[in-house]
Each structure stands twice: as structure tokens, then as C-alpha cells.
Amino acid sequence: MRRTKALRSGGANPPMEFPCIDRIETRQRDLMAGPEPTYEKVVTGYELFTHTKPFVCDHGGVLPSLDIAYETWGMLNADKSNVILIHTGLSASSHAHSHAKNTNPGWWEKFIGSGKAIDTNKFFVICTNVIGGCYGSTGPWSVDPATGSRYATTFPLLTVNDIVRAQFLLLDHLEVDRLYASVGASMGGMQSLCAAALHPHRVGRVVSISACARSHPYSIALRFAQRQALMADPNFNRGFYYDGVLPHIGMKLARQVATVTYRSGPEWELRFGRRRRAPDQPPALCPDFLIETYLDHQSERFCLQYDANSLLYVSKAMDMFDISKSVTDRLAAQRQRAQAQLDSHTGASSTAANGTVCMNVNEQPESAAGQSGIETGDEIAEDLVAGVKDAMQPALILGVQSDILFPVKQQKEIADILRRAGNTRVTYYELDAMYGHDTFLIDVINVGAAIKGHLENNI
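Residues numbered from 1 in each chain as written. Predicted model: local features only at pLDDT ≥ 70, side-chain atom pairs only at ≥ 80, totals over all residues. Heavy atoms only, no water.

Caption draft 1: Focus on the overall build of the protein chain. Along the protein chain, the regular secondary structure elements total 15 helices and 12 strands. Residues counted as buried form 53% of the 459 residues belonging to the protein chain. Taking contacts inside the protein chain between residues at least 6 apart in sequence as the whole, the part at least 24 apart equals 75%. For the protein chain, the computed accessible surface area is about 20500 Å², with 54% contributed by carbon and sulfur atoms. (Helix = DSSP H or I, 4+ residues; strand = E, 2+ residues; numbered from the N terminus. Buried < 20%, exposed > 50% of the residue type's maximum accessible area, 1.4 Å probe, protein only. Contact = heavy atoms within 4.5 Å. Areas by Shrake-Rupley, 256 points an atom, 1.4 Å probe, with all protein chains shown as cover.)

Structure (C-alpha cells):
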């Protein structure tokens, strides 16, 4: 800063330049001047389904109503038997592919379309923004009808099961009784497996890419570090930042950690090596190596395009994911108790019930909620097998050898528990790709061919 430079001008060495901090301070001043970002402007052209009844969440919280943003491609056939539901990763929107209402390329643009991996000449494709997100579906950024203010961190804790149940409310609205296929990668792969297990008679085929049957400690630790970086931002204000400055510094740091987990060392060796941005200049503490400038650029783009609270809530839902029967049963029982409590408020508003139930869970969570009490390896495996005992659909499980966030061991576990449950139509592929976890976004040839074959072949 200029003040520091002036104070140390008489020293033996000049102070370091910090252009990266200068940019952060400039953005801080700009944000203080407003206006706040409007996340619904990041993605446009989606349809909106509103579920007007209270939605009770697995951890006991209640949403008085909920919106689900969704987009579609292709033509629905007469008996509605050609529907594919695409489940998104943590921060993706419903905009998986371009269309007339939004011509911008979607996040899976090269995988969806005429003759592509998910062929819109054959299938009617739906993609939603998950609840808890900020691109049209109800999330922490949405307005709580009870208060007229944004939910912020009064928003109820979510599970992947909640996200899937909300998606099936949309399918009910669209009068789609059975999906041709449930397709997803990363958190979307958790959702596709969850859909097959929770709604076995409504899912025809399953595609789960770079996902898991239960979140493992390494990925939980990485997401925890992201949340800690975010919540340490002075602007976070326990999640009530919407009327002030957004926690842009914490979001940027969280995204840098995430980006490291999404790609692989071998790719970055080839792409960046040890090259520096300005090799003829002295080393700098701000982004200096090309890999540092890449991380800085990626996080700079993200920090104002996704809601910080959504990152907290959705990433926590990922951490808590466990398809084990004991966990699924415990969450269902917990939700049923919350539903009974809500129903007992005769004449009371659903929003009042939400406040009571939600605060009880947020302030005094059950230590066992969403957690298996089983410890031994064999018992854990049997519990997982029991959790997918009804998921007998043809299943494609895809893993990537360079994925450090969801190592191939975890996809092998999915394939193994499905087979042990009695599913004889499980296909497991393991790709030797260098792109890490993000391979499902990049490797159109191999990932796309595997998906297309699974969807179109007679099984």
C-alpha cells in the first residue's frame, strides 16, 4: 500500500509491490458502492416450477415453498418415455446446453445435442439448478416469505436426498412417471445414484461419473478448507452479507482450493510447467508462475458469480452424502418427525413451523443425523449394499485415474455394491485421462462415447 511504502522509504530495500492486493482493495471499494450482484442474471432463459406446499428437509428444516429452475432440450415423445434428467455438480446452473432463450454455450455443451452423447433427436433432456443453489432455484439468496428478507443462514440444511426429492416434484409436475435415464457427474453422480436407490421404479438407467456412494474424509477435508476460507472473510457476517459487501476474498480463496482439486498435476506440468509470467522480472509474491496466474484468473471470475452461502450449503450436502441404508432410514425418520411437527401446527403458518424446526436443527443438531454408526469395513459395505438393494437398473459407473477429489476407488465401490446387491447390468469404465476430476467436462470422445453407448445400446 502507498502508506506502507512511504513509511519504509528510508529502509535498505524498497517494499514489495502487491498489485493483487491493490485489485482486491479496488473491488472492495466498488462493492461498497453497490449494487449487489444479481445471480439470476448470470443464467437466463430457464423455466421455473413453483412447488407451493411446504417442503420438509431431511434435517428438519422447512421451506414454505420452493422454486426449481430448469431447462429442456429435444422433443418429448407421446408416452413420455424418453426423458433424461441431468444432475449438476456443486455450482453448475440448469444451463447445460444452449437454446433459443439462452444462446450462450452451456456447461455440457459438447455432450448434448443432435447426434451427441445425449442425443436430442432421441431424448427429451431436463437439467435443473439444485435447491440451495443461486441460479433460479430456491436457495439462501432467495427471499423468505415469512420475513421478506433473504434466507441467508436461516436456510435449512440440505441433503443430496432433499435435492433429488425436489427434482422428482418437478417430474411430477411435468407428469413424467419414469425417467429413461438419470445422468450425473461429481455431485450429479451422487444424485443419479440416489435417484436410482430412492426411486427405483421411476429410473430406467443410471450414469454416475466421478462420484461416490458416500463422501470420504479426503474430499470432506478439502471442502471444509474451502468453507473455512470463506467464513473467515470479514465480510461474511455469519451469512448475512446481502445488504453489505459480499465475502469476495473468501470466495476467491475457496475457489482456488477447489480448482486445485478439480485438475491434475500431470496436466499442469504440460500446460504450465514452471514457467513464470514475466521471467525477466524479479520474483513476486502476487501471482508469478503461470499456474498461479491461472488460479488467480479462475477464482477472480467465480467470486462474484456464485453465492457464498450456496457454496456452504451445497458443499455440506456433498459431505453428508451416504447411500447406506442406516443413514437413509435415519434421515427419512428425522424428516417424518419434522413433518409431523409441522402438521401439528393446526392453523399456524408453515413459515412459523419452519422457523421452529430449522432453528432446533441448526443450533442443536443430532450427533447421529446423516451419519452411520457402523465402523468395521465389512459392516459398512453391507450397509451400502442394503442402501442400493432396489437399484437394479442398467448402470454405467465411470472413474478417472487422475482424479484426486473422487479417486477411482470410490467409483469401484459404487460398482461393487451394486453388483453385490444383485444388479447384473453394471458397467464400470476407468479412464486414463490427465484432466483429473474435470475430465467429465473435457473428454468428449471417451466420456461421451461411454455415455452414448450406455444410453442407446440394448441392455
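Caption draft 2: Spotlight on the packing of aromatic side chains. Summed over the entire model, instances satisfying the criterion amount to 11 aromatic pairs. Where tyrosine 241 meets tyrosine 242, the ring centres are 4.5 Å apart and the plane angle is 45°; that geometry is what we call tilted. The class for tyrosine 242 is buried, based on a relative accessible area of 6%. Note on tryptophan 268 and tyrosine 294: the rings are 6.0 Å apart at their centroids and 70° apart in plane angle, and the pair reads as edge-to-face. Taken together, the positions of tryptophan 268 in helix H7 (residues 265-271) and tyrosine 294 in helix H8 (residues 290-302) put the pair 26 residues apart, joining distant regions of the chain. When sorted by exposure, tryptophan 268 lands in the same class as tyrosine 294, which is buried. Each residue in the set Trp107, Trp108 and Phe111 is aromatic and connected to the rest through ring pairs, giving one cluster. Lying across the ring of tryptophan 141, arginine 150 places its NZ or CZ 4.3 Å from the centre. (Phe/Tyr/Trp six-rings, centres within 6.5 Å; stacked < 30°, edge-to-face > 60°. Lys NZ or Arg CZ within 6 Å of the ring centre and 35° of its normal.)

Caption draft 3: Broad picture of the sheet that holds strand E5 (residues 83-87). Ordered in space as E1-E4-E8-E5-E9-E10-E11-E12, the eight strands form an open sheet in which the pairing is mixed. Since the sheet does not close on itself, it has two edges, and those belong to strand E1 (47-51) and strand E12 (426-431), each with one partner. Here the average twist between neighbouring strands, direction ignored, is 20°. Pairing of E5 with strand E8 (residues 124-128), which is carried by four bridges, proceeds in the parallel orientation. What sits directly across from leucine 85, in E8, is isoleucine 126. The sheet strands contacting helix H4 (residues 187-198) are E5, strand E9 (181-185) and strand E10 (206-209), and the helix crosses E9 at an angle near 150°. (Pairing = 2+ DSSP bridges. Axes fitted to C-alpha atoms, helices over the stretch in contact; angles between N-to-C directions.)

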